[in-house]
Amino acid sequence: MNILEGRDLTKHFTAARGPRGRFGKRPPVRAVEDVSIALRAGAVTALVGESGCGKSTVARLLAQVYPPTSGEVLLRGEPVRAHRGAAFREYRRQVQLIFQDPFASLNPFHRVRYHLARPLRLHGHARTDAEEREQVAELLERVSLTPVEQFMDKMPHELSGGQRQRVAIARALAVRPVALIADEPVSMLDVSIRLGVLRLLEGLARENDLALLYITHDIASARYFAEDITVMYAGRLIESGPSEELTQSPRHPYTRLLLESAPDPDRVAAPEGRRHGEPPSLIDPPGGCRFHPRCPVALPVCSTEVPGRTELGEGHWTHCWQAEATLAR
Amino acid sequence: MNVLEIRDLGVDYLSGTGAVHAVSGVSLDLRRGEILGLAGESGSGKSTLANAVARLLRPPASITSGSVVYRRQDGSAVDVLGLGRNDLRAFRWKELAVVFQSAMNSLNPVITVGAQIDDVLRIHAPRMSRAERTERSVELLQRVGISADRRRSYPHELSGGMRQRAAIAIALALNPEIIIMDEPTTALDVVVQRDILAEIKALREEYGFAVVFITHDLSLLMEISDRIAIMYAGRVVETGTAKALHRTPRHPYTLGLLRSFPRLRGAREELLGIPGTPPDLRSPPPGCAFHPRCAMAFDACSRTLPVLTSEADGEVACLLNDGRGVS
Ligand SMILES: Nc1ncnc2c1ncn2[C@@H]1O[C@H](COP(=O)(O)OP(=O)(O)OP(=O)(O)O)[C@@H](O)[C@H]1O
Ligand SMILES: Nc1ncnc2c1ncn2[C@@H]1O[C@H](COP(=O)(O)OP(=O)(O)OP(=O)(O)O)[C@@H](O)[C@H]1O
Ligand SMILES: [Mg+2]
Ligand SMILES: [Mg+2]
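Only a predicted model underlies this, so the values are computations on that prediction, with no experimental measurement involved.

Peer 1: Explain the sheet that holds strand β4 (residues 61-71) of chain B here, please?
Peer 2: Hydrogen bonds between backbone atoms are what pair the strands of a sheet, whose relative direction is either parallel or antiparallel. Residues and elements named next belong to chain B. Spatially, 4 strands are ordered β2-β1-β4-β5 in an open sheet, and the strand pairing comes out antiparallel. In this open sheet, the two edge strands, each paired with only one partner strand, are β2 (20-31) and β5 (77-79). For this sheet, the mean inter-axis angle between neighbouring strands, taken without regard to orientation, is 5°. For strand β1 (residues 2-13) and β4, the ladder comprises 8 bridges, and the chain directions are antiparallel.

Structure representation (structure tokens):
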């Protein structure tokens, strides 16, 4: 069942600075365009793409940090608009966010215990000191910060990056959400520590029937930890499918480029050196398929019309004129 | 053959709560024209080692032991740690240049990239005329893939990838023998990163400089490096060719690092990772600093400090198998 869903989400930001356009108005940043994504209970869904392609904006839209320019967010099939006040608090009780930076997300002046006790109290899960203590200990246990007595009274600066991220996860879990949006939760951690945090998230999703969105630019880790992968490019979705299928038989030229570019010690020969150019500006994005200026196999139609969704079977789909043409043949 | 020889180098950061032994007893050679990858967890001392070699350490850092020798092509040797201020100015840029993780740390935000190259040339190659300098700036920028009209751009007007290219162009300005790159692509996208790595390799072929390439991304190092050195808790625990390290890692820590990476192809083999966390460098564990996290540790590991021992295609510091490490 779809717990959390975004339908045709579009977000345009009005730039606060920068050059004014022809009519004295600043042109908007078209950060996210027509993005639909669904999170299922007990499953990990990955959202992958280059820096600046709009991943965090999608995360914030789903988390109701700000409203979409158009499109809607659905929680258990019900449209929600809960950007402030009691409605927002109620929404936060069900949908939680974890950020990339474990150093910025904890208050440096409070002990671990405080960070976990606060949401427990706020959301009414713990009413007495004894309940609070018991639940804080249980949360620390769940994120493997043991012995719990020792970690409870630590200050953030006494913890390593991986341990801080575990505290941030425990804090999100304290609320008992039904959906968790993890925005690059391990990007700032060491490779050797990443694994533990990802395993933890995966286990938590399975055991608690949590719907988990794993946002990353590391497509290899998405292959290991997510059931489905959705690839985004310059604000638009370009391909989605079951992880194994998507990484082993990618159909969109950009997904292929992403896979070829990822460091891979098992690669026999390094891919040929070729300049691929850089992602486009989102203030004046290319017409048609936004990838066409960098695409090695672009057709004339690619620069004029946005490709529709081509279903490739088994939940695998792409937005690409080439795939459309191949299928039509 | 060697362009740089580091011997028994030690660096401490002095602090109120005791000295942090960030680099301890490091001996490492850099061969002429090679790309040497330096890998290790956050806090293992990679940047400290690089900054010591480039003479960029500032208090509270202090060098506690060892030497760094730079060998010119004509065979003459330079005691890097003993260089005075004037000699140091000549040494940097001409013999050794550094590119940092954030190009913003390498670039001056209020000066255009063209002017920054011009500055380096003006100060360090006073015999060049203005026209020659301009010509060289354009050539360098083009060489790293920045069009000549971007010369008048300020760093903030360039994308992260272009800034990193500009920083590399500046490092190349005086044809140094050694370029130290401290996480030069960590902040970049994989696609842009891939292009820049290809660029670095091509430039190395053309100019013949040696590179010390620092990153915690071992899979990236495997692709770009000729040789790799692995650091743990301030010490070099293994060196070897990229191929040898990939095929037969000898240190359990290297093995753990290799088993931490999700793979893009082939079976989704189980990732083992490394349990535990890196040690506190104020009081590192006795014996081998890795022993509390090592699944293969035995009694002696908590008592005896393993020394780096030469093997067929590299070195390892591990007590297993009479000092030959995992076999
Ligand atoms: N509040 C905002 N105002 C204006 N522009 C914004 C705002 N937030 C994001 N953007 C722009 O929207 C685009 C998408 O940004 P977003 O942070 O969603 O990307 P991302 O995929 O998360 O990137 P990264 O991998 O670097 O985190 C970028 O061009 C960014 O500059
Ligand atoms: N100015 C400083 N004062 C005190 N300790 C420091 C200072 N700079 C670094 N250290 C310590 O020295 C050790 C080595 O740090 P260094 O920056 O060399 O590691 P690194 O391998 O480059 O890590 P990273 O991958 O995070 O860049 C760490 O334990 C760090 O905390
Ligand atoms: Mg982001
Ligand atoms: Mg560093």
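Let us keep going from here.
Peer 1: It is not clear to me how the packing of aromatic side chains should be interpreted in this structure. Could you clarify?
Peer 2: Here the distance between the centres and the angle between the planes together describe a pair of aromatic rings. All names here are of chain A. Inspection of the entire model under this criterion finds 9 aromatic pairs over all chains. Relative to Phe291, the ring of Tyr254 has its centre 5.3 Å away and its plane inclined at 70°; by these criteria the two rings are edge-to-face. In this pair, Tyr254 is assigned in helix α10 (residues 253-261) and Phe291 in the loop between α10 and β11 (310-313), connecting sequence segments 37 residues apart. Judged by its relative accessible area of 2%, Phe291 falls in the buried class.

Peer 1: Quick question: what am I supposed to make of the environment of Thr255 of chain A here?
Peer 2: Residues and elements named next belong to chain A. Note that Thr255 resides in helix α10. In this structure the C-alpha to C-alpha distance between Thr255 and Ile238, which are 17 residues apart in sequence, comes to 8.2 Å. Discounting residues that sit within four places of it in the chain, Thr255 has contacts with Val231, Ile238, Glu239, Leu246 and Pro250. Within polar-contact distance, the side chain of Thr255 engages the side chain of Glu239 at 2.8 Å.

Peer 1: It is not clear to me how the interface of chain A and chain B should be interpreted in this structure. Could you clarify?
Peer 2: Many authors give the size of an interface as the accessible area that is lost as the parts come together. Taken together, the contacts link 36 residues of chain A with 43 residues of chain B. Linking chain A with chain B are 0 salt bridges, by the criterion used here. Between the two partners, chain A and chain B, sit 7 residue pairs in polar contact (both at pLDDT 80 or more). Looking at the side of chain A that touches chain B, its residues break down into 12 nonpolar, 10 polar and 14 charged.

Peer 1: What's the story with the packing of helix α6 (residues 161-174) of chain A against helix α7 (residues 191-208) of chain A in this structure? I'm lost.
Peer 2: Relative placement of two packed helices is described by the angle separating their axes and the distance separating the axes. All names here are of chain A. Two elements in contact, α6 and α7, have axes separated by 10 Å at closest approach and are oriented at 15°. By the angle between their directions, the pair α6 and α7 is classed as roughly parallel. In the crossing of α6 with α7, the sense of the turn from one axis to the other is right-handed. Residue-level inspection shows Gly162, Gln165, Arg166, Ile169 and Leu173 of α6 in contact with α7, the latter providing Ile193, Gly196, Val197, Leu200, Leu201 and Leu204. Its residues assigned to classes, the contact of α6 with α7 shows 7 nonpolar, 3 polar and 1 charged.

Cut-off values and rules
- Residues numbered from 1 in each chain as written.
- Chains lettered and ligands numbered in written order.
- Predicted model: local features only at pLDDT ≥ 70, side-chain atom pairs only at ≥ 80, totals over all residues.
- Heavy atoms only, no water.
- Pairing = 2+ DSSP bridges.
- Helix = DSSP H or I, 4+ residues; strand = E, 2+ residues; numbered from the N terminus.
- Axes fitted to C-alpha atoms, helices over the stretch in contact; angles between N-to-C directions.
- Phe/Tyr/Trp six-rings, centres within 6.5 Å; stacked < 30°, edge-to-face > 60°.
- Buried < 20%, exposed > 50% of the residue type's maximum accessible area, 1.4 Å probe, protein only.
- Contact = heavy atoms within 4.5 Å.
- Polar contact = N/O pair within 3.5 Å; in protein donor to acceptor, adjacent residues only side chain to side chain.
- Salt bridge = Lys/Arg side-chain N within 4 Å of Asp/Glu carboxyl O.
- Nonpolar A, V, L, I, M, F, W, Y, C, P; charged D, E, K, R; others polar.
- Parallel < 35°, antiparallel > 145°, perpendicular 65-115°, else oblique.
- Left-handed = near helix turned anticlockwise from the far one by under 90°.

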